[in-house]
Amino acid sequence: MNLKNKKPYIVIFLFIPGCWFIGQGLYTESKAIVAQLLLEHAWNIAKAGGTRNKPWPWADTWPIARLTVPRLNIDLIVLAGDSGRTLAFGPGHNFASSTPGKKGNSLISAHRDTHFKFLQYLQPGDNIFIETAQSENTLYKVTSSKVVDMDNARFIDDQSSAYVHLVTCYPFDSIIPGGSQRLIVSARAQSVI
Amino acid sequence: MLFINTHFLKRRPRREYLNDKYTPRKSNFFIWFKRIIIILLLITLGLLLMLLGNLAYGDTRTSEFQNIEFNKLSQGSMLIKTNTSGIYQQVPLLHTDVDMHISGMIVRSNIKQQFKNISDNWIEAEYVFPLPENAAVDHMQIRIGGRIIEGRIKEKLDAKRAYEKAKRDGRKAALVEQQRPNLFTNTVANIAPGESIIVEIEYQQVLHYEQGNFSLRFPMAITPRYIPDNIQQQSTLHTSNHTSENSTEETISFSLTGWGHNTNQIQDATQITPPLQSAPNKINPVSINIKLNAGFPLEKLFSRYHNIIKQQTNDIITISLANGVTPSDRDFELVWTPQINHTPKAAVFSEKINTDYFQMLMLAPPIDGAHNGQPLARDINYIIDTSGSMHGISMHQAKQSLLMALDRLRLHDKFNIIQFNSITDQLFSHSQIASFENILIAKQYINRLKAEGGTEMAPALKLALNNPTDTYYVHQVIFLTDGSVGNESALFDIIHKNLGNSRLFTIGIGSAPNSYFMRKAAQFGRGSFTYISDVNEVNNKMTSLFSKLESPLMTDIKLHFDQNIVTEIWPERLPDLYNGEPVILAIKSDKPLQEVTLTGTRALSPWRAKLNLKTENTSKGIGIFWARKKIAALMDSIQGGANKEQVRANIIDVALTHHLVSKYTSLVAVDKIPSRPVDSRLDKTRMPVNLPHGQSTYKTFGRLPQTATSAKLNLLFGFSLMMLGLALAVLLRQPVPTQNTSNQS
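Rules of the game
Residues numbered from 1 in each chain as written. Chains lettered and ligands numbered in written order. Predicted model: local features only at pLDDT ≥ 70, side-chain atom pairs only at ≥ 80, totals over all residues. Helix = DSSP H or I, 4+ residues; strand = E, 2+ residues; numbered from the N terminus. Buried ≥ 20, exposed ≤ 12 C-beta atoms within 10 Å, placed from the backbone. Contact = placed C-beta atoms within 7 Å. pLDDT = per-residue confidence, 0-100. Axes fitted to C-alpha atoms, helices over the stretch in contact; angles between N-to-C directions. Parallel < 35°, antiparallel > 145°, perpendicular 65-115°, else oblique. Left-handed = near helix turned anticlockwise from the far one by under 90°. Nonpolar A, V, L, I, M, F, W, Y, C, P; charged D, E, K, R; others polar. Pairing = 2+ DSSP bridges. Core = buried A, V, L, I, M, F, W, Y, C linked by C-beta atoms within 7 Å. Expected span 1.5 Å × (residues − 1).

Q: Tell me what's going on with the overall build of chain B, and back it up with residues and numbers.
A: In terms of regular secondary structure, chain B is built from 14 helices and 41 strands. By the burial criterion, 37% of the 745 residues in chain B qualify as buried. For chain B, the proportion of contacts with a sequence separation of at least 24, taken over those separated by at least 6, is 74%.

Listed below in structure tokens is the structure:
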């Protein structure tokens with residue numbers, strides 16, 4: 001037995017898992033991009049018909065809104081629900097929160113390394129537009145950004161105005177997932193009756 | 001070490017091997033070994049540095065965020081900026097006196113809001129205040145010294161115009177508008193420097209009566225605008241320019257956390273966000289004085305959140321706050337209970353306005369004790385959501401709840417279980433009696449349930465609501481779900497159309513269920529909504545739901561009377577009653593109703609009550625009570641799809657007739673004589689309000705979701721592995737050519 005003999009095996013032994021991990025990483029990132037393209041189609045149908053429309057037959061979610069930030073060239077389709085499964089495809093809307101564009105607090109979450117990477121560049125006063133299948137584009141202005149613990153996020157329950165809170169993990173460049181900090185960027189609607 | 005050495009040479013020709021010297025090979029090996037170790041160390045070091053760098057970077061980012069925000073904000077408390085830059089003025093002081101008269105079922109309240117302008121300028125003050133949601137605001141007046149200016153009811157826009165005109169002309173004016181049924185604004189124009197103005201607002205409300213207890217709630221805490229977390233910080237203020245149509249005005253808003261960056265243009269008066277004052281400097285003191293004429297001897301009388309002083313003279317009990325005043329940061333609630341043999345079973349109050357007769361009818365059906373009579377026989381269909389979104393803890397909670405529900409069944413009950421995800425499946429082809437064997441089968445079925453697939457709710461709902469049942473049984477549908485659906489209105493439609501005699505009870509599962517859907521579904525299903533957020537709550541919540549389900553409901557409640565009398569009765573359709581709830585009706589008729597009969601059904605046995613409405617004593621406010629009920633019913637009808645414009649016209653009609661503030665009508669009082677010289681400036685002030693006591697008004701959405709993928713980690717790890725493999729491959733090959741060249745030379 002000697003190492004020379006085993007060399008190809010050792011290299012393969014390191015390469016195969018290496019490829020697998022890289023593949024996983026690329027898969028996650030590309031899923032996030034490809035899903036948005038598929039969602040675009042589902043969204044257009046939803047917008048035309050005004051009904052729930054699944055982007056692919058086995059999906060457990062459907063597009064409910066379109067979020068755009070003109071300054072940062074961001075254009076995303078927001079999905080119903082914010083389970084881990086949903087967030088792989090796009091930003092997810094928390095069911096318990098109010099509908100985007102409606103009064104109250106609306107919560108939209110997404111991954112810090114894919115869809116909501118741009119949250120770090122949002123500034124107070126930035127314009128965020130949210131369009132739902134039922135409503136026209138609503139203009140929100142960013143009012144604050146705040147880092148909170150995931151279990152300690154509280155929102156004042158004000159039903160007289162519409163707020164949207166964009167949630168993502170914090171810090172942005174941390175490599176290890178699963179931290180307890182969250183960045184919450186809050187914005188207030190400018191034109192809700 | 002030796003055999004490692006030898007294998008490097010294995011592929012080389014034997015004679016070369018024989019010529020080789022041992023020492024250089026040994027040193028070569030050590031060099032490679034060192035290289036590998038160094039590369040490994042470098043990779044590890046690189047990884048560590050990246051991770052550390054991230055953490056450090058993250059930390060600086062956090063502080064940067066804070067710096068940016070705090071730099072833009074200035075600290076302050078009760079100051080407002082004036083049009084002259086750098087000059088601040090103090091907001092007016094506000095003191096509120098509340099007087100309440102309780103007689104029968106009606107409460108008449110008078111609120112005196114005293115604004116004292118302690119600044120050197122003329123001001124306009126805007127104050128946002130809460131009232132009970134069934135409050136009928138019908139009167140307002142301004143008191144300046146000895147003068148009184150009466151308020152009048154007008155359509156919202158007309159009232160606003162009258163107010164704005166008076167404000168421009170320098171005349172005193174006040175405008176009371178409804179922003180929400182329980183939130184009002186009072187705007188007062190042209191308060192002179194040093195002057196005090198009192199605005200008196202009167203409203204009427206109906207007492208809450210349930211399970212033999214009367215209660216009265218006076219809200220004093222306003223649900224504030226959004227602020228993320230951290231309420232202890234000092235309030236900060238800054239201003240923004242606000243351009244209205246004809247003038248540039250300065251508006252002001254406070255932010256509590258130091259994070260708020262106010263860029264909003266206040267264009268719409270309905271977007272009310274009063275400035276907030278945080279503890280410990282509570283502002284806006286309120287005094288409360290109540291005269292209670294209950295009409296029967298009391299068993300007990302107490303205030304839930306405030307200390308009170310009680311004094312009895314004859315039939316009237318006078319109640320006031322023990323501390324004299326209280327900051328308006330928490331609701332006041334007074335509760336009283338009649339002595340046991342004086343519990344009112346029914347009450348009739350009448351009022352005649354012009355040619356119309358108004359009557360208020362309250363009737364409490366006898367309480368059905370759990371022991372008397374036959375226990376309710378029920379046919380229960382449990383629907384359990386097994387879609388993918390229920391995966392994990394939600395599914396566990398749902399299973400626990402369902403298992404517990406099965407244990408509550410009694411032998412005379414029947415049951416069935418329906419599960420749905422992409423497909424719908426039911427345990428039995430039709431409901432089975434709750435025998436030991438059947439429950440055992442059901443438990444096995446439940447334990448096997450798995451959460452996966454889509455959320456096709458409609459077929460399951462239809463199936464459960466249409467499952468045939470014997471009329472002997474009460475048909476109840478218990479629906480456990482996280483409600484992750486987007487086709488709510490279609491589902492409401494299904495519930496509405498298929499409900500029949502069934503009742504739908506929704507149980508919200510998981511940390512963030514779609515409670516809007518479940519609350520509404522229960523309303524359309526004439527049942528109730530229970531929210532279970534934690535496995536530990538399953539026992540408690542399910543027990544209280546079941547005690548409600550097991551006591552029979554009073555259904556099909558109808559009012560019968562002389563058909564020759566033209567009437568208008570609100571609500572149009574009487575709701576079902578749980579044990580202890582009374583029927584409350586508002587009746588308008590062209591002739592006085594002499595006698596009415598109420599009928600209903602409870603546990604299949606008819607219930608009937610005949611009431612003699614002839615009453616000598618006329619009470620005030622019954623017409624207003626009727627009008628308020630009508631407005632509420634009309635507003636609800638918008639949800640049911642009624643024509644908005646038609647509803648608006650109807651509401652304006654009834655509100656103007658009865659002098660009531662509504663969504664479409666406001667009270668406005670305007671002075672005839674100008675008081676502010678037209679060349680003097682007028683500053684607008686938004687009155688600050690306290691943060692509510694405690695934190696109950698903060699909305700939480702449970703744990704925020706995980707929002708980082710492991711993509712980066714995977715990429716990095718995979719890349720490192722490949723690099724290591726590559727390094728090994730290269731390093732292990734390297735010696736061969738060098739050896740060869742050295743040998744050839």
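Q: Tell me about the overall build of chain A, and name the residues and values.
A: Across its full length, chain A holds 2 helices and 9 strands. Burial analysis of chain A (193 residues in total) assigns 51% to the buried set. When contacts within chain A are restricted to residue pairs at least 6 apart in sequence, long-range pairs at least 24 apart make up 55% of them.

Q: Account for the confidence of the model for chain A, naming residues and giving values.
A: A low pLDDT means the predicted coordinates there should not be read in detail. Summary statistics for chain A give a mean pLDDT of 79 and a share of 84% for residues scoring 70 or more. Element-level mean pLDDT values for chain A span from 65 in strand β7 (residues 154-156) of chain A up to 89 in strand β5 (residues 127-132) of chain A.

Q: Give me the lowdown on the packing of helix α5 (residues 393-408) of chain B against helix α10 (residues 538-550) of chain B, citing residues and values where you can.
A: Residue and element names in this part refer to chain B. Between α5 and α10, whose axes approach to 10 Å, the crossing angle comes to 45 degrees. When the axes of α5 and α10 are compared, the pair comes out oblique. Crossing angle aside, the handedness with which α5 passes α10 is right-handed. Seen from α5, the contacting residues are Gln397, Gln400, Ser401, Met404, Ala405 and Arg408; seen from α10, they are Val538, Asn539, Met542 and Phe546. For the contact of α5 with α10, the per-class residue count stands at 5 nonpolar, 4 polar and 1 charged.

Q: Could you give me a rundown of the environment of serine 161 of chain A, with the residues and numbers involved?
A: Mapped onto the secondary structure, serine 161 of chain A falls in the loop between β7 and β8 (162-169). Considered as a pair, serine 161 of chain A and glycine 104 of chain A are 57 residues apart in the sequence and their alpha carbons are 6.0 Å apart.

Q: Give a description of the pairing of strand β37 (residues 605-612) of chain B that names residues and reports values.
A: Residues and elements named next belong to chain B. Among the 8 residues that make up β37, 0 are buried, leaving the element largely open to the surroundings. Relative to β37, strand β36 (residues 595-602) runs antiparallel, the two being bridged by 8 bridges. Counted as the bridge partner of arginine 602 is serine 605 from β37.

Q: Outline the sheet that holds strand β19 (residues 298-303) of chain B, listing residues and values.
A: Residue and element names in this part refer to chain B. Taking strand neighbours across the sheet as the criterion, the 4 strands line up as β13-β14-β23-β19 in an open arrangement whose pairing is antiparallel. Because the sheet does not close on itself, it has two edges, and the strands there are β13 (208-210) and β19. Sheet twist, expressed as the mean angle between neighbouring strand axes with direction ignored, is 20 degrees. When β19 meets strand β23 (residues 332-338), the two strands line up antiparallel, connected through 5 bridges. Residue pairing across strands places lysine 300 opposite threonine 337, the latter belonging to β23.

Q: Go over the sheet that holds strand β33 (residues 554-560) of chain B with me, naming the residues and quoting the values.
A: Residue and element names in this part refer to chain B. In space, the 3 strands of this open sheet follow the order β33-β36-β37, with antiparallel pairing throughout. This sheet does not close on itself; its edge strands, each paired only once, are β33 and β37. For this sheet, the mean inter-axis angle between neighbouring strands, taken without regard to orientation, is 15 degrees. Where β33 lies against β36, 5 bridges are found, and the strand directions are antiparallel. Note that in β36 the partner of histidine 560 across the bridge is threonine 597.

Q: Mind laying out the nonpolar core, listing which residues take part and the relevant values?
A: Formed by 67 residues in total, the largest nonpolar core has its most connected members in Val137, Ala173, Ala174, Val176 and Leu660 of chain B. For this core, the leading source of residues is helix α11 (residues 622-639) of chain B, giving 7 residues. Every residue in contact with valine 176 of chain B, bar those within four places of it in the chain, is listed here: Val137, Met140, Gly151, Phe184, Asn186, Ile201, Val661, Ser666 and Leu667 of chain B. Within the second largest apolar cluster, 44 residues are counted, among which are Ala46, Phe89, Leu122 and Cys169 of chain A.

Q: Break down the confidence of the model for chain B for me, with residues and values.
A: All names here are of chain B. Per-residue confidence for chain B averages 73 on the pLDDT scale, and 72% of its residues sit at or above 70. Ranking the helices and strands of chain B by mean pLDDT puts strand β9 (residues 152-155) first, with 95, and strand β1 (residues 74-75) last, with 22. Low pLDDT, under 50, characterises residues 1-23; the stretch is placed with 18 contacts to residues that sit more than four places away or in other chains. Scoring the predicted complex yields pTM 0.53 and, for the interface, ipTM 0.74.

Q: Could you give me a rundown of the pairing of strand β21 (residues 316-321) of chain B, with the residues and numbers involved?
A: Residues and elements named next belong to chain B. Pairing of strand β18 (residues 285-293) with β21 involves 4 bridges; the strand directions are antiparallel. Considered in β21, the bridge of asparagine 289 is made with serine 320. Relative to β21, strand β20 (residues 308-313) runs antiparallel, the two sharing 6 bridges. Of the residues in β21, the one forming a bridge with isoleucine 308 is leucine 321.

Q: Give me the lowdown on α5 of chain B, citing residues and values where you can.
A: All names here are of chain B. The end-to-end C-alpha distance of α5 is 23 Å, a good match for the 22 Å that 16 residues give at a rise of 1.5 Å each. Those residues of α5 lying buried are Ser394, Met395, Gln397, Ala398, Lys399, Ser401, Leu402 and Ala405. Where α5 is buried, its residues touch β26 (378-385), α6 (436-448), β30 (474-481), β31 (503-509), β32 (529-532) and α10.

Q: Go over the packing of α5 of chain B against α6 of chain B, please, and point to the residues and values.
A: Residues and elements named next belong to chain B. One can describe the packing of α5 onto α6 by two numbers: an axis separation of 10 Å at closest approach and a directional angle of 180 degrees. As far as their axial angle goes, α6 and α5 are roughly antiparallel. Along its contact with α5, which presents Lys399, Leu402, Leu403 and Leu406, the element α6 presents Ile439, Ala442, Lys443 and Ile446. A breakdown of the residues in the contact of α5 with α6 according to their chemical character gives 6 nonpolar, no polar and 2 charged.

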